[in-house]
Amino acid sequence: MSADELYEMGPVDYMVVEFPGNRMTGEGLPLLVDLVERGIIRILDLSFVRKETDGSVTGLEIADIDGDGELDLTVFEGASSGLLGDDDIQDASAVLEPGSSAGIIVYENLWAAPLASALRRGGAQLVAGGRIPVQAILASLEAAEAQSDS
């Protein structure tokens, strides 16, 4: 990727999605494919791992994740920008429960690329970012509701 291409990129995020008990149903895959096909995100890296009950971690091949006899993720086969390294995979695996699997996704927010690029041209730079987990939002709303009921 050239410096000009990097300059035009949108923000890059990652997700670690745990599948307790190694139960990968594939239910979210069509939605992920849809986001890519509509140009909302671009998958830069995609990796799957399994954390064994003894704590060891093994990589999983992109294949028939949901066990229905069809290859689910061939559209993402070879998605590897090099951003996601072995150290990152080990760090992500550390948060997994033994006996679980996870998908690790690094993606570019294409929808925000024009804004990010314009801000960079104007000399701005993103100095912080983050995500608020949905569970934290729900807990905060429930606490606020409980306080207003008092």
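Everything numeric here is computed off the predicted structure, so don't read it as measured data.

1. Some words on the overall build of the protein
Thinking step 1. Tallying secondary structure elements over the protein gives 5 helices and 4 strands in all.
Thinking step 2. Considering only contacts in the protein between residues 6 or more positions apart, those separated by 24 or more positions represent 80%.
Thinking step 3. In the form shown here, the protein has an accessible surface area of approximately 10100 Å², with 55% of it arising from carbon and sulfur atoms.

2. Side note on the sheet that holds strand β3 (residues 57–60)
Thinking step 1. The 4 strands are arranged β1-β4-β2-β3 in an open sheet whose pairing can be described as antiparallel. On the outer flanks of this sheet lie β1 (12–19) and β3, each paired with one strand and no other. Direction aside, the axes of adjacent strands within the sheet are offset by 25 degrees on average.
Thinking step 2. Pairing analysis gives 10 bridges linking strand β2 (residues 41–51) to strand β4 (residues 100–109), with the strands arranged antiparallel. What sits directly across from Val49, in β4, is Ala102.
Thinking step 3. In the packing of helix α2 (residues 29–37) onto the sheet, contacts are made with β2 and β4, and the angle to β2 comes to roughly 155 degrees.
Thinking step 4. The strands touched by helix α3 (residues 86–94) are β1, β2, β3 and β4; relative to β2, the strand with the most contacts, the crossing angle is about 60 degrees.

Quick notes on the rules
Residues numbered from 1 in each chain as written. Predicted model: local features only at pLDDT ≥ 70, side-chain atom pairs only at ≥ 80, totals over all residues. Heavy atoms only, no water. Helix = DSSP H or I, 4+ residues; strand = E, 2+ residues; numbered from the N terminus. Contact = heavy atoms within 4.5 Å. Areas by Shrake-Rupley, 256 points an atom, 1.4 Å probe, with all protein chains shown as cover. Pairing = 2+ DSSP bridges. Axes fitted to C-alpha atoms, helices over the stretch in contact; angles between N-to-C directions.

Function cannot be read off these values alone, since they describe shape.
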